[in-house]
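Observations on chain architecture
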Amino acid sequence: MYLELAKRSFQQQFAYRAATLAGLFTNSVFGVMLSSVYLALYWDKADGVSVAGFTAQQTVTYTWLGQALIMPVVFWGWWLIVDTIRTGTVVMDLLKPMDFFRFWLSRDLGRAAAQVITRGVPTLLIGALLFDLVWPESWQRWAAFLISVPFAVTVSFCLRFMMNLWGFWLLDHRGISSIMLVVSGVFSGHLLPIAWYPAPIRDLLNVLPFRSMLMTPVEIWLGQISIVHGLSLQLFWTTVMIGASYALLQVAERKVVVQGG
Amino acid sequence: MPIIDVHRLEKTFPIKKHRTGAMGSIASLIRGDNGGEFTAVNNVSFKIERGEMVGYIGPNGAGKSTTIKMLTGILVPTSGEATIAGLVPWEKRKQLAQKIGVVFGQRTQLWWDLALIESLELLRHLYRVPEERFRENLATATDLLGLGEFLHTPVRQLSLGQRMRGDLAAALLHDPEILYLDEPTIGLDIVAKEAIREFLITLNRDRQTTVLLTTHDLDDIERLCPRIIVIDHGEVMYDGQLASLKSRWGGRRQLIIDYAGDPDAAIASMGNGDMAVTEVDGPRVTIAFDRDEISAPDVLTRASAFGEIRDMSIQEPEIEDVIRRMYDGSIPAGM
Amino acid sequence: MDKPITLREELGIAWKIAGIRLRGQMAYRTSFWLQIFGNFFTNFAEVLALFAMFYQFDTLGGWTLGEVALLHGISMIAFSLGDLLTVGMDSVAPQIRSGDFDRVLTRPLGSWMNAATSEFSLRHLGQALQGVLVLGFALTQVEIAWSIDKALLVPVMFISGIALFMALFTIEAIFSFWTVNGVEAINAFTYGGSDLAQFPMHIFGRSLRFIFFWIVPVGFITYYPALYLLEKPDPLGMPDWFVLLGPVITTIFCAVVSWGWNQGIRHYRSTGS
């Protein structure tokens, strides 16, 4: 059944053609812009010099991976669950004989899979046409990257899931929205490579789960981390985040029952 | 000179070919839409004198809203003329706005996040109503519509009836000469409907405000509008007194008789042109008759031949029936 | 009351409307400050990125932290105030869809003014405040030899910047008169434009430069004024008087947008959707 849900969300995504084209355009403009900015930072450096572990070429690759994964992984506001709370359908969903978390997760994975195809791959191809990107050095790395993306989506989903439950308590998600933006924008490494931040910030971000959303997949792609290390790190954080989501869900469900919805 | 003078007004809409996306929109910007046309309002003419209260009625999609939108200056007609309070609405939209009040029943012109009084205050500035006049109008509206209890409540917390009263007050702040009401009582309970109707009658009587009202609620029409204009498929089908519509075309009254037991089966064939049995349901028999041809006591006398009568009642023709029959085509258009 | 309304009266009304709406929002003081704080916090990431980049690198396309911060400050202030003044434009698309846009046309105000004032929020002050702080920081880092012409340039620069972003946000609304799909492509120019204007233009490739100088002229609102203030030669080799092109091109751009808005309104008034 969860597979069916995922499949349906997957198919749904292909209906939004105009939005997809508009989104690709926007991602590409930002990709070119950010690449230009990063390359300008390396102007006074010799070719191949790396700064905090990144050569110019690697930084540009990081930029395009970031743009390509924006839609699949979702780095900003996503309040679908809060919306169902507002419309009241959440009560129906909770009453259905299914696992509420898996219900949403399967739909989200289906959506993400579709967007890897409609948004991720094309964005990366545009980047490759316009810039000289670094490609994974072996088929094992390609495979590892492909495995690391669903992990990234799941961690991102858990974060969004918990933010939504939290929004349920506060009834107004605008405040959390800005926290969410910073957590998923900065903490994931989407804004800047985590290695570039000053030591205390960098060290903190490195021990938080959110780097699994982008930084770890990028490191796997670029060969900055061993495959086993990268994937096991993601596996660990995915497990932790799923556990935390279930714990929070339990508290939330109890509250729904007490309030009678 | 009539305050509303509409002459051969016509509005056709292009039937949209579906173009999607920014590119599509640019394409339609340059080339324009072309995919056939649909006539929403066709050759509509009428005149309304100052101080009249007119019902503008018709089924969904008949062209009521389109007409109102042209008369408020929102839409530009395809052809035809109109003068509202001396202005051509689509040419002098902003000036006309000062002279008309508009209430769309399903939408509010108040601001959701502001208290009602703040919304009114805002509209005061928007319509440049002098402070003193604003106070007077607010006092009158508060008095007649009972706004006092929720004047300081945010609009989003108002009930539908309260909101509608607030909207009416808002539409009248700048002393408009004409008030357009689009479904003013939709979704309201009977008490609220009655309050609104009462208010409109007072307004029309005391200030001579001209009111043009579209509604699905035929009780509104019966209570408020001596004159109605009926529109269907974009064309005016009837324009005249509600009373004469009813008496001339309202057709037959109905006499409902309850017999003590089942009446003689022969009753079904009773009457000869002046009356007819329309329904036999056990002891209850419905007879339609034309009051110009035969009086109710006569009908009753003849009906008593078929059994012992226990109870009876007379039903006047209802405006719903009249209009339904008009739409069915059983009343010639334009009469 | 039969006289047509003048622009001055419209502005006066808009000002009063803003006042009343502000008072309304101040009634919920915590929520008000939370929104401004949230906006400040959200945009903090932008500033954080700037400082982190210069933590690792010394220059960006040959420009120092202070110089790039100057661009950031100008762009953030212009963008946020432009956004603040046209918040109502965001609601044009939903209003058209719901039919509430009719309301805008039954009022005695110009349609643009009416749409712009249909919504008002001060939350963008958070970003503006941040822009001011970044600008203040920049001014401590760079040497500017102030003169009368430079002092005159500052207000011109801000006014044309704000006007340009107001026009950009209006474009988004204009498109919604025709289509509901794909409007988000405009984000590449609004948000993309403001991001781009935070960096020196010469670092971008020919096509981006072409787009952001000559189609969406955000390049003119920060880059040339900054060069002029800093007395830096233009690496793109354009003459000094290019600094004057900003206001001129912005005026042309605004004129085109206002033509587009009127076309949109005309379209709406002939099709009702």
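1. Details of the overall build of chain C
Counting its secondary structure elements, chain C contains 12 helices and zero strands. Over its C-alpha atoms chain C spans a radius of gyration of 20 Å, differing by no more than 12% from the 19 Å that the globule rule assigns to 273 residues. The principal-axis extent of the C-alpha atoms belonging to chain C is close to 60 × 40 × 40 Å. Expressed as a percentage of its 273 residues, the buried residues of chain C come to 60%. When contacts within chain C are restricted to residue pairs at least 6 apart in sequence, those whose partners lie at least 24 apart make up 76%. If you sum the accessible surface of chain C, you get close to 11,200 Å²; carbon and sulfur atoms cover 67% of it. Chain C carries 16 positive and 19 negative side-chain charges, and their two centres are separated by 10 Å.

2. Overview of unusual backbone geometry
All names here are of chain B. At Arg8, a residue that is not glycine, the phi angle is positive and equals roughly 50°. Counting through the fold element by element, Arg8 comes out in strand 1 (residues 4-14). Taking relative accessible area as the criterion, Arg8 reaches 49% and is therefore assigned partly exposed. Notably, Arg128 is not glycine yet its phi reads approximately 50°, a positive angle.

3. Let's talk about the environment of Met237 of chain B
By secondary structure assignment, the location of Met237 of chain B is in strand 9 (residues 235-241). As for Met237 of chain B and Ile257 of chain B, which are separated by 20 residues in sequence, their C-alpha atoms are 35 Å apart.

4. Some thoughts on the pairing of strand 1 of chain B
Residues and elements named next belong to chain B. Both strand 1 and strand 2 (residues 37-48) contribute to a ladder of eight bridges, which runs antiparallel. Across the sheet, Pro14 pairs through a bridge with Glu37, a residue of strand 2. Here five bridges tie strand 1 to strand 4 (residues 79-84), and the two strands are oriented antiparallel to one another. Bridge pairing in strand 4 places Asp5 opposite Thr83.

5. Some words on the packing of aromatic side chains
Residues and elements named next belong to chain A. Throughout the structure, instances matching the rule amount to 45 aromatic pairs over all chains. Both rings, one in Phe145 and one in Trp221, keep their centres 4.9 Å apart while their planes meet at 80°; by these two values the pair is edge-to-face. Placement of Phe145 in helix 7 (residues 139-170) and of Trp221 in helix 10 (residues 215-222) is noted, with a sequence separation of 76 residues between them. Here Phe145 matches Trp221 in class, with each residue buried.

6. Thoughts on the side chain of Asp220 of chain B
All names here are of chain B. Here Asp220 lies in helix 8 (residues 218-224). By relative accessible area, Asp220 is classed as buried at 0%. Here Thr185 takes part through its side chain, which lies 2.6 Å from a polar atom of the side chain of Asp220. Here Thr215 takes part through its side chain, which lies 3.0 Å from a polar atom of the side chain of Asp220. Beyond its immediate stretch of four places on either side in the chain, Asp220 contacts Thr185, Arg197, Thr215 and Cys225.

7. Structural notes on the pairing of strand 8 (residues 227-232) of chain B
Residues and elements named next belong to chain B. Strand 8 sits mainly inside the fold: six of its six residues count as buried. Alternating residues of strand 8 divide into Arg227, Ile229 and Ile231 and Ile228, Val230 and Asp232, and every residue in both groups is buried. Note that strand 3 (residues 53-57) and strand 8 share four bridges and pair parallel. Residue pairing for strand 8: Val54 is matched across the bridge by Arg227. In this structure, strand 8 lies alongside strand 9, joined through six bridges in antiparallel fashion. Paired with Val230 across the bridge in strand 9 is Tyr238. Turn length for the strand 8-strand 9 hairpin, with the two strands adjacent in sequence and antiparallel, is two residues, and the turn residue His233 shows positive phi of about 50°.

Cut-off values and rules
- Residues numbered from 1 in each chain as written.
- Chains lettered and ligands numbered in written order.
- Predicted model: local features only at pLDDT ≥ 70, side-chain atom pairs only at ≥ 80, totals over all residues.
- Heavy atoms only, no water.
- Helix = DSSP H or I, 4+ residues; strand = E, 2+ residues; numbered from the N terminus.
- Rg over C-alpha atoms; globule rule 2.2 N^0.38 Å.
- Buried < 20%, exposed > 50% of the residue type's maximum accessible area, 1.4 Å probe, protein only.
- Contact = heavy atoms within 4.5 Å.
- Areas by Shrake-Rupley, 256 points an atom, 1.4 Å probe, with all protein chains shown as cover.
- Lys, Arg positive; Asp, Glu negative; His and termini not counted.
- Charge placed at Lys NZ, Arg CZ, Asp CG, Glu CD.
- Pairing = 2+ DSSP bridges.
- Phe/Tyr/Trp six-rings, centres within 6.5 Å; stacked < 30°, edge-to-face > 60°.
- Polar contact = N/O pair within 3.5 Å; in protein donor to acceptor, adjacent residues only side chain to side chain.

Keep in mind these numbers describe shape, not what the thing actually does.
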